[in-house]
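# Examining the three-dimensional arrangement
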Amino acid sequence: MPLILFIGYTIYGEGYFSSEEMYLGPADIFLQYIFPIILTVGFWMYKSATPGKMALKVKIVNVDDLQQPSKGRLILRYVGYYVSLLFFGLGFFWAAFDSKKQTWHDKIAKTLVIYN
């Protein structure tokens, strides 16, 4: 988020924080939607984790073989984030009640987060 805010400010100036417009232009749409997907899935593909997961020493693996998930499975996991957001983010809290500690997006993509 800080990186996105910095880039948005660099492109649009002070108006990036004070504008009442939902989007300030094509670069803003890219920054808010495309860039986070690229960063998140990119980290998952090359490190099996985002910086937060790396700090916690956990990584994403396939449920069935505990190997690194394919690019398609990781993209499906990202799409599953939106499903997990439904019903006040219940899909994220689901891990607290699940025997494998999987969230809804993990169940959708057949992934698991494990300690390194």
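Shown above is the structure to which this text applies.
Owing to the predicted nature of the structure, the values given are computational and were not obtained by experimental measurement.

On to the packing of helix 1 (residues 2-12) against helix 3 (residues 26-47), then. Where helix 1 contacts helix 3, the two axes come as close as 11 Å, and the packing angle between them is 155°. In terms of their interaxial angle, helix 1 and helix 3 are classed as roughly antiparallel. Crossing hand, helix 1 versus helix 3: right-handed. For the pair formed by helix 1 and helix 3, the contact residues are Leu3, Ile4, Ile7, Gly8, Ile11 and Tyr12 on the first element and Pro26, Ala27, Asp28, Leu31, Phe35, Pro36 and Leu39 on the second. Tallied by class, the residues present in the contact of helix 1 with helix 3 amount to eleven nonpolar, one polar and one charged.

This part covers the layout of surface pockets. Empty space among the atoms can be located by rolling a probe the size of a water molecule over them. Put simply, the largest pocket is a space of about 230 Å³. Lining the largest pocket, in full, are Lys53, Leu56, Val58, Arg77, Ala95, Lys101, Thr103, His105, Asp106, Val113, Ile114 and Tyr115. Of all the elements in the fold, those that place two or more residues in the lining of the largest pocket are helix 6 (104-109) and strand 2 (111-115). The element contributing the most residues to the lining of the largest pocket is strand 2, with three residues. Considering only residue class, the lining of the largest pocket consists of six nonpolar, two polar and four charged. For the second largest pocket, the calculated volume is near 170 Å³. Of all elements in the fold, only helix 1, helix 3 and helix 5 (71-93) reach the threshold of two or more residues within the lining of the second largest pocket. Looking at the lining of the second largest pocket element by element, the count peaks at three residues for helix 3.

Mapped onto the elements of the fold, Phe35 is located in helix 3. Along the primary structure Phe35 and Ile4 are separated by 31 residues, whereas in three dimensions their C-alpha atoms are 8.3 Å apart. Not counting residues up to four positions away in its chain, the partners in contact with Phe35 are Leu3, Ile4, Ile7 and Phe30.

Interhelical geometry of helix 3 versus helix 5 gives an angle of 135° and a closest axis separation of 10 Å. On the basis of the axis angle, helix 3 is oblique to helix 5. Where helix 3 crosses over helix 5, the handedness of that crossing is right-handed. Here Pro36, Ile37, Thr40, Val41, Trp44 and Met45 of helix 3 come into contact with helix 5, specifically with Lys71, Leu74, Ile75, Arg77, Tyr78 and Tyr81. Class assignment for the residues of the contact of helix 3 with helix 5 results in nine nonpolar, one polar and two charged.

Reading the values: the criteria
- Residues numbered from 1 in each chain as written.
- Predicted model: local features only at pLDDT ≥ 70, side-chain atom pairs only at ≥ 80, totals over all residues.
- Heavy atoms only, no water.
- Axes fitted to C-alpha atoms, helices over the stretch in contact; angles between N-to-C directions.
- Helix = DSSP H or I, 4+ residues; strand = E, 2+ residues; numbered from the N terminus.
- Parallel < 35°, antiparallel > 145°, perpendicular 65-115°, else oblique.
- Left-handed = near helix turned anticlockwise from the far one by under 90°.
- Contact = heavy atoms within 4.5 Å.
- Nonpolar A, V, L, I, M, F, W, Y, C, P; charged D, E, K, R; others polar.
- 1 Å grid on protein atoms, 1.4 Å probe; cavity = no way out; pocket = protein on both sides within 12 Å on 5 of 7 lines; lining within 4 Å.
- Points joined across faces, edges and corners; volume = space filled by probe spheres on them.

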